[in-house]
Amino acid sequence: MVSPIRVHQSSWFFIRLLFIVLSAGLLRAQQSQDMQAYPQQQQQQPTQQQTQQEQAPTDTGPLSADEIIQILQDNPDLLSEAKAQIVSKAQERGYTITEAEITDERLFSQIRDDDRVRLVISDELKKRGFGAQEQQPTRQPSTSGQRQAVPGQNANRNLPQTGAPQGERVPGTPETEKRYRETEKDKTQKVDPYRNLPALKELYTQTQSIKDPDKLERFGASLFRNSSATTDKAALDVPVGSDYVLGPGDQLVIEYWGSASQRLQVNVDREGRVVLPEAGSVLVAGRTLGDAQQMIKSALSRQFKNIAVDVTLGRLRSVRVYVVGDVKNPGAFDISALSTALSALLAAGGPTDTGSLRIVKHFRGQKLVEQIDLYELMLKGVTSAVGRIESGDSILVPPVGPQVTVAGMVRRPAIYELYREETLDQALDLAGGVLVTGETSKIKVERVQAHERKVMLDVNLPQSGDIHAMEETFKKLPIKDGDRVTIAPILPYSDRTVYLLGHVYRPGKYPYKDGIRVGDLISSFHDLLPEPADRAEIVHLTPPDYRPTVISFNIRDVLEKQEPGPALQPFDTVHIYGRYEADAPKVSIYGEVLRPGEYPLSENMTAAGLLRMSGGFKRSAYVASADLSSYAIVNGERVELEHREIPIGRAAAGELDTDVLLKPGDSLTIRQLGGWNNIGGAITVTGEVLHPGRYGIQQGERLSSVLRRAGGFLSEAYPYGAILDRAQVRELSSKNRDELINKLQSQAFASDGTGRPEPPAVTRQRQQLIDKLKQIQPNGRLLIHISPDIEKWENTIADIEVRPADSLIIPKKPNFILVAGQVYSPTAISFAPGRHASWYLRQAGGPTGFANKKEIFVVRANGAVVGKSSGQWWTGNALNTILQPGDTVYVPEKIASGDKLKQFAEVSQVLSGLAVAARVAISF
């Protein structure tokens, strides 16, 4: 027996994969069923101006696992539908599982552990309006003449409003969102509890749609459309018999042996003769291949004694045939002499839509050789085209004859051409007969009264359901040109059915019998899954409108007292509940365990038992104690919480008096070991150190310690230009850059407060600035001040703590200064001790006409920036700075625009300069 809580491992692995596939479709299926079950009211179509003013809610990213689980818990119909879909698909593939085996905890565990499941369900829930957050619309720049979004407009006005089922969320304005959240708790008024009732599902199922007769294809049209073989290849596949009639152009292969032997290849000339060495010519035209062999043997025997002769056909002659009439490519065709009229028709592409498929005529001069009915080939697999084509023959395809359309529940719905068929039964035979799902008592015949109008015939079919009587009626009903015969499908439900659902081993449909009761469906507890609830109910659909009503009963009383139970009616659904379905007591465990979440509270469950059910401790768990939160209801008015510590490690080991019994709603938290997240942390040291590599670090370890473990600096090391790269700094730099880009994009109006759009030149410059910022790659360089003598700065403010994933690069001492930006020759210049930045700027040709000379700045090799306001009282100008090896002089571009854009441009140029300096520092 399979436990309702534990699923077999292989079955659950299948469910996990299946859930990923189904999760994208089950919610759409739910929405589709909702829209079928509830009639939609007339939708208000938005005007063009409203459509331009609509603004969709801002997407805030995928929902978290906790948010998804909360939505599913608040919407039990969605959760039930998910389980039903998985069980249905699994059973179709041969997996014997039930809904009871797919517990909420299992599904929620997949949502937490599998990102694919979480992302797919998050997208589907957000499409249905769940999880959308209120956000005030922001003003966006408009450069294409589109009308801007107006705050407060409904972004989904074209979605169904009154037609959506109650309980479904339709995104709208912030006011409607707030109103929805306020009423979300009252699910009894928002969700139809009988939405997933199997009986109602079948009653709501519409009959199989019938293909529009106007879209049906003429029967037989695909024969020539799908034919890929050429007539020559088709003819070569046919063996040549002794009755083949020879003619000019055929090639004969003559072999004789005995007293003399030779192999000859001779052609039949225009006079119909073949020339034999030493035997003369023989007239073979008009003779069969067998007669020609005897004639040739007789001629050769006069010259050679005691020989055997064999004559075969080497190459076939071509004959010219004319294909005319309603064919796609009429004309003259040269085809093999073995070809038939069907081969010629294939060469011409077959009949057109107005050409006949029932009457194809083969003429030889004035004589009709044969008449071909292509339906014999397509329906019976035989062909009447047996006559060989001779040169000068013609194939005629006359216009199509009377036609009848047969649609609906037949095996081959199509348009059929009539030849000898005159009654309805013959037309149905052409269509392959009526399917078992077709209702023969519901036949519609639409007839065209010649040159007048269309009428619907009243087919007087017997109401008794006698098949033989109906067949006789079909034989008496004449069919005429232009008739449309439609066979309707039978109703998609059975009106003598009852359903069994819930906590049972064999749910599904059961036949209804007069006087049937609940005891006939469930005879003992062996028909129920373990731990059933006493509560059960019958959902009765009351005719004529099949409005659902509920009849509750106690299943335990029925089984223990061996009573028959309540009587059942057609379409009744008997629902048996499990112990954990009706206000089931649950406990939860969170923290450092393998499978955190909620679990059903079994009898005498303890904290250690809950720990084992959740998979046990993780390696990161603090096992000395755990936090247990319990609640108690005081006087039925309020809830009081109690927290206490329990020795969970000793309880799990089985020590006496350490474990505690759990109560409904208890929550057990297993804490994490202190400093666990720092385990495995390491820093990468590269460059000019004695032992570069990756070093594990402990919490609080400093830079000097790491450098000593790496063996210290080499003689060529340049500690002044050392680079310490940190991921957190890179993330902060990226965030600041993105915020700067967002601010630039949001400024679409002039700074004078008039609301006028900014000039086009400023707009272009703004876009150029945005593109430039997007190209800047944020770096994670952390400014450090170290020197070759580690002892001088060890344990000082310069000896900073290192963190996991840090990267330390010690470059070689460079011998150049980089000059970049708006200069005539951006280049690297050899280092000259004691020289100022102005000297190096002159070596690069000086600033160009586009340079902003007042904002020139210097980026030191250690990452520090020296600008015009760096606080150097004796200079006040970065050009007077004495440079060190590896420094960079950056000349920014002149910005001719408003104050706000100018500020952004200055920041952008500083970032560009830092990015250039960082790339140079790494390449030392």
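## Side note on the overall build of the protein
Alright, step 1. Per the secondary structure count, the protein includes 25 helices and 35 strands.
Alright, step 2. Partitioning the contacts of the protein with sequence separation of at least 6, the portion at a separation of at least 24 is 66%.
Alright, step 3. Looking at the protein as shown, the accessible area adds up to about 50,600 Å², and 49% of this sits on carbon and sulfur atoms.

## Describing unusual backbone geometry
Alright, step 1. In this structure, the amide linkage connecting Pro-543 to the following residue, Pro-544, adopts the cis form with an omega of 10°.
Alright, step 2. Along the chain, Pro-544 falls in the loop between strand 18 (532-542) and strand 19 (547-554).
Alright, step 3. Positive phi, normally seen in glycine, also occurs at Glu-531, with a value near 60°.
Alright, step 4. Tracing the sequence through the fold places Glu-531 in the loop between helix 16 (518-521) and strand 18.
Alright, step 5. Phi angles above zero are rare outside glycine, and Asn-795 is one such case at about 65°.
Alright, step 6. Inspection of the secondary structure assignment puts Asn-795 in the loop between helix 23 (790-793) and strand 30 (807-810).

## Things to note about the sheet that holds strand 20 (residues 573-578)
Remark on secondary structure: sheet strands pair via backbone hydrogen bonds, oriented parallel or antiparallel.
Alright, step 1. With mixed pairing, the five strands of this open sheet are ordered in space as 17-16-20-18-19. Two strands lie at the open edges of the sheet, namely strand 17 (508-511) and strand 19, each paired on one side alone. Averaged over all neighbouring strand pairs, the angle between strand axes comes to 25°, with direction disregarded.

## Some details on the sheet that holds strand 12 (residues 414-417)
Alright, step 1. Here we have five strands laid out as an open sheet, ordered 12-11-15-13-14, and mixed in their pairing. Edge positions in the sheet fall to strand 12 and strand 14 (453-457), since each has one partner strand and no second. Neighbour-to-neighbour, the strand axes of the sheet open up by a mean angle of 20°, direction not taken into account.
Alright, step 2. Alignment of strand 13 (residues 438-449) against strand 15 (residues 484-489), held across five bridges, turns out to be antiparallel. Residue pairing for strand 15: Glu-446 is matched across the bridge by Arg-484.

## A word on the packing of aromatic side chains
Alright, step 1. Applying the stated criterion across every chain, the model contains seven aromatic pairs.
Alright, step 2. Judged by centre distance (5.4 Å) and plane angle (80°), the ring pair of Tyr-546 and Phe-571 falls under edge-to-face. Of this pair, Tyr-546 sits in the loop between strand 18 and strand 19 while Phe-571 sits in the loop between helix 17 (555-560) and strand 20, placing them 25 residues apart in sequence.
Alright, step 3. Through a chain of ring-to-ring contacts, the aromatic side chains of Phe-219, Tyr-375 and Tyr-416 assemble into a single cluster.
Alright, step 4. Sitting over the ring of Tyr-577, Arg-535 keeps its end group 4.2 Å from the ring centre.

## A look at the nonpolar core
Alright, step 1. Ranked by size, the top nonpolar core spans 69 residues in total, and within it Leu-252, Ile-254, Ile-296, Leu-300 and Tyr-416 carry the most contacts.
Alright, step 2. Here the element with the most residues in this core is helix 11 (residues 289-301); it accounts for five residues.
Alright, step 3. Apart from the residues within four sequence positions on either side, Leu-252 is in contact with Leu-246, Leu-264, Gln-265, Val-266, Val-274, Leu-289, Ile-296, Val-311, Thr-312, Leu-313 and Gly-314.
Alright, step 4. Core analysis: the next-biggest nonpolar cluster, separate from the first, contains 21 residues, Phe-713, Ile-786, Leu-808 and Ile-810 among them.

## Overview of the pattern of salt bridges
Alright, step 1. The full count for this structure, using the stated rule, is 23 salt bridges.
Alright, step 2. One salt bridge in this structure joins Glu-271 and Arg-273, with 3.9 Å as the shortest N-O distance.
Alright, step 3. Looking at Glu-271, the relative accessible area reads 60%, which means it is exposed.
Alright, step 4. Across the salt bridge formed by Arg-709 and Glu-701, the nearest N and O atoms sit 2.7 Å from each other.
Alright, step 5. One connected set of salt bridges, linked through shared partners, spans Arg-358, Asp-373 and Glu-421.

## Regarding the pairing of strand 32 (residues 827-830)
Alright, step 1. Here strand 31 (residues 816-821) pairs with strand 32 via four bridges, running antiparallel. Along strand 32, the bridge assignment pairs Phe-816 with Ser-830.
Alright, step 2. Between strand 31 and strand 32, which pair antiparallel and follow one another directly, the connecting turn spans five residues.

## Quick word on helix 11
Alright, step 1. Taking 1.5 Å of rise per residue, 13 residues should cover 18 Å, and helix 11 covers 18 Å from first to last C-alpha, within 8% of that figure.
Alright, step 2. Looking only at helix 11, the buried set comprises Leu-289, Ala-292, Ile-296, Ala-299 and Leu-300. An end-on view of helix 11 places all buried positions within 95° of arc, on one side of the element.

## Concerning the confidence of the model for the protein
Alright, step 1. Per-residue pLDDT for the protein averages 76, and the proportion of residues at 70 or more is 74%.
Alright, step 2. Mean pLDDT across the secondary structure elements of the protein bottoms out at helix 2 (residues 48-53), with 40, and peaks at strand 25 (residues 667-670), with 94.
Alright, step 3. Between residues 23-59, whose pLDDT stays under 50, and residues either more than four places distant or in other chains, the model counts 73 contacts.
Alright, step 4. Ignoring residues within four places in sequence, the model shows residues 871-875, a span with pLDDT below 50, making three contacts including any to other chains.

## Observations concerning the environment of Lys-663
Alright, step 1. When you line up the elements, Lys-663 lands in the loop between helix 19 (648-652) and strand 25.
Alright, step 2. Counting along the chain gives 31 residues from Lys-663 to Ala-632, while the straight-line C-alpha distance between them is 9.4 Å.
Alright, step 3. Residues within four places of Lys-663 in sequence aside, it is in contact with Val-587, Leu-601, Ser-630 and Tyr-631.

Here is what the cut-offs are and how they apply
Residues numbered from 1 in each chain as written. Predicted model: local features only at pLDDT ≥ 70, side-chain atom pairs only at ≥ 80, totals over all residues. Heavy atoms only, no water. Helix = DSSP H or I, 4+ residues; strand = E, 2+ residues; numbered from the N terminus. Contact = heavy atoms within 4.5 Å. Areas by Shrake-Rupley, 256 points an atom, 1.4 Å probe, with all protein chains shown as cover. Pairing = 2+ DSSP bridges. Axes fitted to C-alpha atoms, helices over the stretch in contact; angles between N-to-C directions. Phe/Tyr/Trp six-rings, centres within 6.5 Å; stacked < 30°, edge-to-face > 60°. Lys NZ or Arg CZ within 6 Å of the ring centre and 35° of its normal. Core = buried A, V, L, I, M, F, W, Y, C linked by side-chain atoms within 4.5 Å. Buried < 20%, exposed > 50% of the residue type's maximum accessible area, 1.4 Å probe, protein only. Salt bridge = Lys/Arg side-chain N within 4 Å of Asp/Glu carboxyl O. Expected span 1.5 Å × (residues − 1). Arc of directions from axis to C-beta. pLDDT = per-residue confidence, 0-100.

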